[in-house]
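Residues per chain, in single letters:
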Amino acid sequence: MQGTMLYGPRDVRFEERPDPEIIEPTDAILKLSAACVCGSDLWPYCGVDPVKQPIPMGHEYVGIVEEVGGAVRNIKPGQFVVGSFFASDNTCEICRSGYQSSCIHRQPGAPTGAQAQYARIPLADGTLVATPGLPPADLIPSLLSASDVLGTGWFGAVAAAVGPGKTVAVVGDGAVGLLAVLAARELGAERIIAMSRHEDRQKLALEFGATDIVTERGDEGAAKIKELTDGLGAHSVIEAVGTHEAMMQSIRSTRPGGHVGFVGVLHDVEIPGEEFFFSHVHLYGGPAPVRRFLPELVNLIWSRKINPGKVFDLTLPLEQVAEGYRAMDERRAIKALLRP
Ligand SMILES: [Zn+2]
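Our subject in this report is the structure included herewith. (Residues numbered from 1 in each chain as written. Predicted model: local features only at pLDDT ≥ 70, side-chain atom pairs only at ≥ 80, totals over all residues. Heavy atoms only, no water.)

Along the chain, the regular secondary structure elements total twelve helices and 18 strands. Expected size for 340 residues packed as a compact globule is a radius of gyration near 20 Å; at 19 Å, the chain falls within 12% of this value. Its C-alpha atoms give the chain principal-axis dimensions of about 60 × 40 × 40 Å. The buried share of the chain, reckoned over its 340 residues, is 55%. Within the chain, contacts between residues separated by at least 24 positions form 67% of all contacts whose residues are at least 6 apart in sequence. With an accessible surface of roughly 14000 Å², the chain has 51% of that area assigned to carbon and sulfur atoms. If the 31 positive side-chain charges of the chain are averaged to one point and the 41 negative ones to another, these points end up 3 Å apart. (Helix = DSSP H or I, 4+ residues; strand = E, 2+ residues; numbered from the N terminus. Rg over C-alpha atoms; globule rule 2.2 N^0.38 Å. Buried < 20%, exposed > 50% of the residue type's maximum accessible area, 1.4 Å probe, protein only. Contact = heavy atoms within 4.5 Å. Areas by Shrake-Rupley, 256 points an atom, 1.4 Å probe, with all protein chains shown as cover. Lys, Arg positive; Asp, Glu negative; His and termini not counted. Charge placed at Lys NZ, Arg CZ, Asp CG, Glu CD.)

Next up on the list: the packing of helix α6 (residues 175-186) against helix α7 (residues 199-208). Viewed as axis vectors pointing N to C, α6 and α7 meet at an angle of 15°, and their least axial separation amounts to 8 Å. On the basis of the axis angle, α6 is roughly parallel to α7. Between α6 and α7 lies a crossing whose hand is right-handed. Of the residues in α7, those touching α6 at Leu178, Leu179, Val181, Leu182 and Arg185 are Arg201, Leu204, Ala205, Glu207 and Phe208. Looking at the contact of α6 with α7 residue by residue, the classes come out as seven nonpolar, no polar and three charged. (Axes fitted to C-alpha atoms, helices over the stretch in contact; angles between N-to-C directions. Parallel < 35°, antiparallel > 145°, perpendicular 65-115°, else oblique. Left-handed = near helix turned anticlockwise from the far one by under 90°. Nonpolar A, V, L, I, M, F, W, Y, C, P; charged D, E, K, R; others polar.)

Now for the coordination of the zinc ion. The expected angle between donors at a tetrahedral four-coordinate metal is 109.5 degrees. At an octahedral six-coordinate metal it is 90 or 180 degrees. In this structure, Asp89 (OD), Cys92 (SG), Cys95 (SG) and Cys103 (SG) serve as the protein donors to the zinc ion, at separations of 2.1 to 2.3 Å. Seen from the zinc ion, its four donor atoms lie at angles of 96 to 122°, and the figure they make is tetrahedral. Donor residues binding the zinc ion come from one chain and are separated in sequence as D-x2-C-x2-C-x7-C. In this pair, Asp89 is assigned in the loop between β7 (86-87) and α2 (93-96) and Cys103 in the loop between α2 and β8 (107-108), connecting sequence segments 14 residues apart. Here the two residues Asp89 and Cys103 agree in accessibility, since each one is buried. (Donors = N, O, S within 2.8 Å, 3.2 Å for Na, K, Ca; no water. Tetrahedral: all angles 85-135°; square planar, octahedral: opposite > 155°, others 65-115°.)

The next thing to look at is the environment of Leu297. Positionally, Leu297 belongs in helix α11 (residues 290-302). Each C-alpha atom, one on Leu297 and one on Ser147, is 9.6 Å from the other, the two residues being 150 residues apart in sequence. Look past the residues within four positions of Leu297 in its chain and what remains in contact with it is Ala146, Leu150, Gly151 and Trp154.

Moving on, we get to unusual backbone geometry. The backbone of Asn90 shows a phi angle near 65°, a positive value even though the residue is not glycine. Along the chain, Asn90 falls in the loop between β7 and α2. Positioned with a positive phi, Asp268 is a non-glycine residue whose angle comes to about 55°. In this fold, Asp268 is placed in the loop between β15 (254-262) and α10 (273-279).

Take the nonpolar core next. Among the nonpolar cores identified, the biggest contains 55 residues, and Leu150 and Ile238 are the most heavily contacted of them. Per element, the largest residue contribution to this core is nine residues, and it comes from α6. By size, the runner-up hydrophobic cluster in this structure holds 17 residues, among which are Val12, Tyr45, Ala336 and Leu338. (Core = buried A, V, L, I, M, F, W, Y, C linked by side-chain atoms within 4.5 Å.)

Here we come to the pairing of strand β5 (residues 61-68). Put simply, side chains in a regular strand alternate between the two faces of the sheet. In this structure, strand β3 (residues 28-36) lies alongside β5, joined through seven bridges in antiparallel fashion. The residue bridging Ala35 from the neighbouring strand is Tyr61, located in β5. (Pairing = 2+ DSSP bridges.)

Moving on: the sheet that holds β15. Picture the strands of a sheet paired through backbone hydrogen bonds; they go either parallel or antiparallel. As summarised here, the arrangement of the six strands in space is β13-β12-β11-β14-β15-β16, forming an open sheet in which the pairing is parallel. The open sheet has two free edges, formed respectively by β13 (212-214) and β16 (282-285), since each of these has just one partner strand. Shown here is a sheet whose adjacent strand axes are inclined to one another by a mean of 20°, direction ignored. The sheet contact formed by strand β11 (residues 167-171) and strand β12 (residues 191-195) spans five bridges and is parallel. Directly across from Val170, in β12, lies its bridge partner Ala194. Across the sheet, helix α5 (residues 149-159) touches β14 (234-239), β15 and β16, and the angle it forms with β15 is around 155°.

What follows deals with α7. Within α7, the full set of buried residues consists of Arg201, Gln202, Leu204, Ala205 and Phe208. Along α7, the residues classed as buried sweep out an arc of 165° about the axis, all on the same side. Exposed residues pointing more than 90 degrees away from the buried face of α7 are listed as Glu199 and Lys203. Where the residues of α7 are buried, they touch α6, β12 and β13. Where α7 ends, the next residue or the one after it, Gly209, has phi of about 125°, a positive value. (Arc of directions from axis to C-beta.)

Moving on to the packing of helix α8 (residues 218-228) against helix α9 (residues 244-253). Interaxial distance between α8 and α9 falls to 8 Å at its minimum, and their mutual angle equals 20°. One element, α8, and the other, α9, form an angle in the roughly parallel class. Here α8 runs over α9; the crossing is right-handed. Contacts from Gly218, Asp219, Ala222, Ile225 and Lys226 in α8 reach Glu245, Gln249, Arg252 and Ser253 in α9. Among the residues making up the contact of α8 with α9, the classes are represented as two nonpolar, three polar and four charged.

Geometric values such as these leave the question of function open.
Right under this line is the structure:
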């Protein structure tokens, strides 16, 4: 098959790769229907995360089950499935408490890389969720978004304790931040403040349910949130970037007793202890247990109640994957969808 490898900073190659095979009896092989480039793929792409050896890329996927191992009971060849970026058994005590991304048997969701024609998915029964039937083509982008960015934005909103009557601020206008806006609306937030200085992203945020846009960032952004909330700060703030500046902006935008849900992969964040101590802010997040939310998200998409696939503003043939990375790195695209 052909698939995507990252050899080093800004060196993405689409090349011949070994066909994935069943290794464990709990594995499934998928023929991928769509793939995409993740904001977190840009960390190694830009050289922030070192690349010591060529790595297969891609961890968001939807596709049709081609083959399953002998121990797979529920997932069957021919089904259309969505999975997440961590494979989980969905049966251990940690999974049953809703933390599938910390499953005691946790593995990469697509170890052979999902920016490819085929992928091997470990722990198929615990990891994959089948749709009610083969989806119409226009639902595939939304189903693909559920694999990571929608599930992650949703977890961010849940972690930030979003609910009816709450004022929510979202730090980060990438796909996760925009879908956190959508999640906040679905979870009943009264007011949703999207923090973005890009017009196309502001428009999408408004479409997804944002009620206010704030263009300031850092401490100025936090001051603006306070100004909009009678000097108190938001009840719930979703941090969807992962930098020190974004985390401090989030904590400083939150009212005492409020919640920050952080889902950007943290890089060099150092929270001053004394300030945090006196903030009375709940701080909670991590790698989203997307699997917890998948059945509900698939339902919402299948019944066309939400259209998160709109975050894909660039579609490319899979072999042009390198252009997808470039477009996202240069912020010409919010998120690139790849068609095998
Ligand atoms: Zn588990």
